[in-house]
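Coordinate analysis (summary)
In case you want the letters, here they are:
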Amino acid sequence: MSDDNHKKKMKAEALWIAGFLVVLAFTAGLNFYITSQKDFSIATKMTGSNSIPNGSIPIVVTGYQWAWSYTYYNSTGKQTFVDNLNITVNQSYTLVVTSIAGAQQFAVIHDLYIPQMGIQIYAVPGQNNTITFTPDKTGTFVIECVEYCGYEHYLMRGYLTVVA
Amino acid sequence: MAGKAGIVLVVTILLLSGFSLLYVFNAPTQTAGGLTDPSNLPVKGTMNITIYADSGGWNYSHGPINPTLYIPLDYIVTFTVIEEDNLPHTLTINKGAKENSGASLTLVSSGQLTQVPGHVAKATYEFFTTGVYTYWCTFHPATMVAQIQVNATASNGTTANSSAVNSAVPFHSFQPYSNFVEPVSMMIMKTMKTAAVMVH
Amino acid sequence: MSSTGLLITASIVLSFFFIFLFLLYYKYLSVKTEVDVAANNENYYDYSSYLIDKKKTSSAISLNSFIMNDSKSIGIRFLITSIVFFFIAGTFGVIMRVSLFYPHPTLFAGKEVLYDILTTEHAILMIYMWAIGSALGLAYYLLPRFLKLKSDKFGNFSSWSYWIWLLGGIFILLSRTSTRWYYYPPLALELTPYGAGSMNWLAVIGIEMIMIGVTISAIVLVRNIIYERSDSIPLSKMPLFAWSVLFTLIMFLASAPFLMTAMIMLFYDFVNPVFFTGSSSSPLFFAELFWTWGHPIVYIAILPQFGLIYEILPKFTGNKVYSYTSGVIALGLLLPLSELVWGHHLMESGFGIEWGLFFSTASLFVVIPSAITVFNYIGTMWTATKIRITIPMLFVINGIMDFVIGGITGVITAVLPLNEQTHGTYWVTGHFHFVFMGITVGIAFASIYMLWPSLTGGRVYNRRLAGWHFALTAVGSMIMSMGWTVGGFLGMPRYVSGYFARYQIYQDVAIIGGVIIGIGQLFFLANLLLSMSAAPQTETSNALEDAYKNLSMAGGE
């Protein structure tokens, strides 16, 4: 291999590496920027009551084999819904998600997923995870469990209705 | 040698794939320890029981919620489950006065139900030992749970009677949901059941 | 079945098994004695080294491969077995795909758990039996010639490793487990059809045996590469495939203990659930242990194939690999990076934003070696004066394309805000099927086609059938993975036997692709049947094994 050819090859490779390093740096920067936004929220282990932001309504979500139950606290007391959840638009909600044993032997891991809201959060036994979101459009959306949790895993789903 | 090896290899691959598939298809799909019918059980008669599946409780808007069912021994019972809401349900039984206190048997699985109100699913089962059973829905074990009393010396007259009446009414024998037949047969059924409960 | 009938069946099966064992032993004695005598006469310490130096007879597919303990025979064993498991798991895959045609379960109505069993078996068998098996098979088969081994010792250890690995695979098949391939504990401990399947404990033993088997093989191969390599081949001149196998096996040996520990703890939990369900414990501990292994295994499944691409490409472009050094560096960089990124499987589990950002950024670093590798491939083709398009070359080109798509979809998942949208959906399934169908399956078949004359004792494959095999595999996997990727981004959940009707179109597209792939593999079987029934037509040598010759050659294609 001639020396000249070798240099050319080195140059092409260096250019290529530099090129995708720029793309990667841009991606990483975007990643940091978006996650630092105020309305960005990701599943976080709950350590105290300060996990629920001011003005956000907590909804306790419990996954068991195989249904979701939502306990909704307001001034008059609490209400429990199974599978389907009704909420109000432009109101901040904090989901406190955990898992309990249903009719089966153990409490197992579930994963609550609302694709249209971009919300995903694991339900881990013995741990409360929180995530905050604000629905900004009305309509009916789907709620799914996306972590395999046994026989009827596919039926562990429901509808999220956002009303004005 | 190598020529034969090719045929052997291809045949082995096809056979093993087929057998593996068959093996998996024969996997147990529900546990029923102690609840599966032994073959050649004596049969004394048949009986129909209709219950409404509602997440609030069995028969939530149809008379007493979570009724205790009285079933005589060695009768083939046809459970008719009518869905009342759009949530998944099962009809699961086990021995004992508490749900999930032992091996359970799902008579009507949520796969048979459609989450469409009014849909009807059926299952038959013959209780071959006396005692207290629990029937519940695995999705809503907190609300939809009640007991079954299986008596060997059941008041034969009552059960035979109810069985006769129920078989006379052509109820739920047609899969397409009929708006006319259903409410009428339901009314008859409800009165029959209240009568049966009162007798007991 | 009554217990008497069961006993009779069991004794008949056992008798056949023992008759088979006896025949094998009988054959083993005669063949081995023959070779042993010949090796002794030539002053060889062991017959394996003698076979590698003098003879190539044992390098074709035959029952002898299951008896002899030389590297080539063991390679063929692994290769044949992995192909068998590929077809078993592939059948599972096609059937479970077909069962998803309607939004509600139809084929498996009332017994939806069958879908879960098929999916779990498909995943575990494809990864542990096909991906690892075919890689080990090709490594055992190719390395003796690549490295000009001084001697071929420890064949009996390799043989043990094969049988342990095979038994592990059979155990997994027999267990009919329905956890996913990552065994998340509280569910894996539910030994009922509603949880993990009644015999999930057998699958745990099976995984442990597979890991033990592959560990033995890994040690033997690493030792071969480092100590038994011919003195004429310094590390700096070692073929890239040998480098990739070395890195893969080191990666395996470094990460396997995490899974082996986790599986032992899980097995203890069947008896007494303390480790992952106790009050001071969390099921996530298992997930962390698992993914410390579970991410490297994904690279283990593709790294040997990256090395094979480096070996196959020059045979059809006629020039050297663009840059040997950067190729080695790129393969080596995956070693540390593979251990750093496991957290991106658990970003939604409550890790919080700090851990999420760390693993998200670490995952972006994996792009660097992958991009260097792809650049090397493209550069090699770019600088070629003439590219000969053959079936293996088509598989390679398709593999590179699929890897680029699969890689980009993977990076998108690793970005934290998008992970919330794509994790747990068919997007991820589409991502890794792009990579696995293109690289793991495609390159393994490309190598098998290259090795065809050697494996079948001088036969050539039917090019028309092989062309159909390639076309249907490539087109089918593209349709299938595209359907998944698009549907997954819209929120189609993975691993469900029934789904919201709004996703039916994506599922049906993927089903069409899956069935096309299934039909394509039948062409491979037909090819095997037809070409091996014909008389030998060519030399038993092949181009792939001539690692030090870069000219375009006809042999092997």
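Before reading further, recall that the structure is shown in the block above.
Calculation criteria
- Residues numbered from 1 in each chain as written.
- Chains lettered and ligands numbered in written order.
- Predicted model: local features only at pLDDT ≥ 70, side-chain atom pairs only at ≥ 80, totals over all residues.
- Helix = DSSP H or I, 4+ residues; strand = E, 2+ residues; numbered from the N terminus.
- Expected span 1.5 Å × (residues − 1).
- Bend = angle between axes of the 7 residues up to and from the residue.
- Contact = placed C-beta atoms within 7 Å.
- Nonpolar A, V, L, I, M, F, W, Y, C, P; charged D, E, K, R; others polar.
- Buried ≥ 20, exposed ≤ 12 C-beta atoms within 10 Å, placed from the backbone.
- Pairing = 2+ DSSP bridges.
- Axes fitted to C-alpha atoms, helices over the stretch in contact; angles between N-to-C directions.

For helix H9 (residues 283-300) of chain C, which comprises 18 residues, the first-to-last C-alpha distance of 26 Å matches the rise-based estimate of 26 Å (1.5 Å per residue) to within 8%. Of all the bends in H9(C), the greatest, near 30°, is centred on Trp291(C).

Each partner contributes to the interface: chain B provides 10 residues, whereas chain A provides 8 residues. Residue composition of the side of chain B that touches chain A, by class: 4 nonpolar, 5 polar and 1 charged.

What follows covers the interface of chain C and chain A. Counting residues at the interface gives 50 residues for chain C and 47 residues for chain A. At the level of secondary structure, the elements contributing two or more residues to the side of chain C that touches chain A comprise helix H6 (185-188), H9, helix H12 (352-365), helix H13 (367-382) and helix H15 (416-422) of chain C. Ranked by residues supplied to the side of chain C that touches chain A, first place goes to H12(C) with 7 residues. Broken down by class, the residue content of the side of chain C that touches chain A amounts to 26 nonpolar, 18 polar and 6 charged.

What follows is about the pairing of strand S9 (residues 129-133) of chain A. Taken residue by residue, a regular strand's side chains alternate between the two faces of the sheet. Residues and elements named next belong to chain A. Counting buried positions over the 5 residues of S9 gives 4, a clear majority of the element. Two elements, strand S1 (residues 44-45) and S9, share 2 bridges in a ladder whose sense is antiparallel. Bridge pairing in S9 places Lys45 opposite Asn129. Relative to S9, strand S6 (residues 93-99) is paired through 5 bridges, and the arrangement is antiparallel. Along S9, the bridge assignment pairs Thr94 with Thr132.

Sheet strands pair via backbone hydrogen bonds, and the direction of the pair is either parallel or antiparallel. Residue and element names in this part refer to chain B. Read from one edge to the other, the open sheet built from 3 strands follows the order S1-S3-S6, with strand pairing classed as mixed. In the strand order of this sheet, the two ends are held by strand S1 (45-53) and strand S6 (120-126), each with one partner. For this sheet, the mean angle separating the axes of adjacent strands, direction not counted, is 20°. In terms of strand pairing, strand S3 (residues 75-83) meets S6 through 7 bridges, oriented antiparallel. Its bridge partner being in S6, Thr80 is matched across the sheet by Lys122.

A few words on unusual backbone geometry. In this model, Asn90(A) sits at a positive phi of 60°, which is unusual for a non-glycine residue. Position of Asn90(A) among the secondary structure elements: in the loop between strand S5 (85-88) and S6. The phi dihedral of Tyr495(C) falls on the positive side, at around 60°, and the residue is not glycine. Residue placement: Tyr495(C) occurs in the loop between helix H18 (463-489) and helix H19 (504-533).

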